[in-house]
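Tertiary structure, described
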Amino acid sequence: KEMAELYPAYRAGREPVLPLLPVQYADFAVWQRQWLEGPELQRQLGYWREALQAPLPVLDLPTDFPRPPRPSHRGGHVSIAFDAGTVAALRALAQREGCTPYMVLFAAFAVLLARHAGQDDLVIGTPVANRRQAEVEPLVGFFVNTLPVRIDASGRPSFRELLRRAREVSLGAQAHQDLPFERLVEELQPVRDPGRSPLFQAGFDYINTAQQSLELPGIALSAVETEHTTSKFDLSLLIGEHADGLFSELEYSADLFRRDTVERMAQHLVRLLEAALRAPDTVIDALPLSSDDECARMLHAWNDAAEALPTPGVVERFEAIAARVPEQPALRFGQDALGYGELNARANRLAHALIALGVGKEDRVALCLERGFDLPLSMLAVLKAGAAYLPLDPAYPPERIAYMLEDARPRVVLALRAQAALLAQIPDATTVLWLDEADLHNGSDRNPDGRIAPQDLAYVIYTSGSTGKPKGTLLTHAGLANLSQAQQRLFGIAPQDRVLQFASINFDASTWETAMALA
């Protein structure tokens, strides 16, 4: 308004006519400082201490990139289109429920965050103009304050119920908006993380001030859209009113998200809002997020359950490689290497020794071995003998190893004599084969006869026991072959690559490390 008066007056050489201001920004600053030392401060602080009592939730959205120690505030934005029908339905629901479009969209944004983060306690920052007195409306100056609005989405509420909660917390926050945000952080002293903003990590900004056009004599003016290259928070929903309805966008941290991820989240917001407006009594967990294309991709493209199980299995594929390139290194340990041919021959000799001890299909053979050539060699030997291996990490507590031996009752334990103390409690029917003392040099090098069926038992992995006694999980050759081939494709593993075997043998990751590499 002032520019519209000042420029024509300057151009015409006359004095501008501007209304006198009853107060100045300095008056506002003095007023704010005075009440910050009086009873009003305690009243507002009391509200926020109650609303933001510990523990405060930390928004933990799944991100595309690891969170940096300190944010760079690089950002981007994705525009969101709400059609005229959605805007009309939004305003109609707000009118019926005695609330505002701000509250409806705030509730919808809360659902989006709750569903993506898997959290039902959320704090969302929302800026307010903070010009509640008519005298300060025409002032130039910074009045904006930020309110951390906490909303409870627990108990599987309907969207209508969540909207009621959004109305309650929004009105409460608005009624206590005068306390400066920095003073609130100072008073609450939340646990600080340099990688996250304090109190909240997502923002919601609803701009409903009238957009006035500026017309100046002799000058043509038009709006220029600027590029968003910053983001204050992990994710923010920005809504603005204009003559044609609503414009909106999702602002995101480029440290955490790719643009296509946020585009998908924007589509989720539109879809869940449309569904909530059609049926506000729907439980928020049941509001649809995914588009038809997304559903088809998850249910079909990513779930090709009809695909045939891979053949041959891991053992057969390993044997074929050993026959084709026997000199190709299969294992490296320190400065030593073992070729595919030699590894296959040693595994065959051990497999025949196990068969001679009566080991066969469905039998368990325990491996109590440190990392080294003996470990993958013994895994292969057990599989070749048609049995299943049971890993016993020597670093595990003796009580844990004794429990697994007693529970699984293996026919044979393969170990080195150095592990004798760990294996003091061996079941009566179990034989211990000390690999560093056994004569395995004169056995047969040929692959054992008899093929392995896909559903034959391959290995046994024990659970953590966090919800009771550990349980042995039985895995088949079909699963092992499927996993190793899928990961070869996913990771792009080729013959010249190396795979680091670093997981404990009692952790199932060790299985695919070995199978993926050797096959």
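Scroll up to find the structure this text is about.
Residues numbered from 1 in each chain as written. Predicted model: local features only at pLDDT ≥ 70, side-chain atom pairs only at ≥ 80, totals over all residues. Heavy atoms only, no water.

Space inside the second largest pocket adds up to approximately 910 Å³. Lining the second largest pocket are 32 residues, with Ala330, Leu331, Arg498, Val499 and Ala517 sitting closest to its centre. Contributions of two or more residues to the lining of the second largest pocket are made by helix 10 (314-324), strand 7 (329-333), helix 12 (374-384) and helix 15 (509-518). By residue class, the composition of the lining of the second largest pocket is 20 nonpolar, six polar and six charged. (1 Å grid on protein atoms, 1.4 Å probe; cavity = no way out; pocket = protein on both sides within 12 Å on 5 of 7 lines; lining within 4 Å. Points joined across faces, edges and corners; volume = space filled by probe spheres on them. Helix = DSSP H or I, 4+ residues; strand = E, 2+ residues; numbered from the N terminus. Nonpolar A, V, L, I, M, F, W, Y, C, P; charged D, E, K, R; others polar.)

Two residues of an α-helix separated by three or four positions point the same way, owing to the 3.6 residues in each turn. With eight of ten residues buried, helix 15 is to be regarded as a mostly interior element. Of the positions making up helix 15, those classed as buried are Ala509, Ser510, Thr511, Glu513, Thr514, Ala515, Met516 and Leu518. (Buried < 20%, exposed > 50% of the residue type's maximum accessible area, 1.4 Å probe, protein only.)

Next up on the list: the packing of aromatic side chains. Taken as a whole and judged by the stated rule, the model has 18 aromatic pairs. Seen from their ring centres, Tyr25 and Phe143 are 5.1 Å apart, and the 80° between their planes marks the pair as edge-to-face. Taken as a pair, Tyr25 in helix 2 (residues 25-35) and Phe143 in the loop between strand 2 (121-128) and strand 3 (145-152) lie far apart in primary sequence, 118 residues in all. Among the aromatic residues, ring-to-ring pairing joins Tyr25, Phe28, Trp31, Trp35 and Phe143 into one connected group. (Phe/Tyr/Trp six-rings, centres within 6.5 Å; stacked < 30°, edge-to-face > 60°.)

Quick look at the pairing of strand 11 (residues 412-415) now. Burial along strand 11 is two-sided: Val412 and Leu414 facing one way and Val413 and Ala415 facing the other are all buried. Relative to strand 12 (residues 431-434), strand 11 runs parallel, the two being bridged by four bridges. Following the sheet pairing, Ala415 is matched in strand 12 by Trp434. (Pairing = 2+ DSSP bridges.)

A few words on empty space enclosed by the protein. Across all of its chains, the model carries three cavities of 30 Å³ or more by this definition. Put simply, the parts of the chain that give the lining of the largest cavity at least two residues each are helix 12 and helix 15. The dominant element in the lining of the largest cavity, judged by the number of residues it contributes, is helix 15, at four residues. In the lining of the largest cavity, the residues fall into eight nonpolar, two polar and no charged.

Val104, Phe109, Phe159 and Phe204 are the most contacted members of the largest nonpolar core, which has 74 residues in total. Looking at which element gives the most residues to this core, the answer is helix 5 (residues 101-117), with 14 residues. Contact partners of Phe204, with chain neighbours within four places excluded, come to Tyr102, Leu105, Phe106, Phe109, Ile124, Gly125, Thr126, Pro127, Leu237 and Ile239. With 42 residues, the next largest nonpolar core counts Leu367, Phe373, Met379 and Ala387 among its residues. (Core = buried A, V, L, I, M, F, W, Y, C linked by side-chain atoms within 4.5 Å. Contact = heavy atoms within 4.5 Å.)

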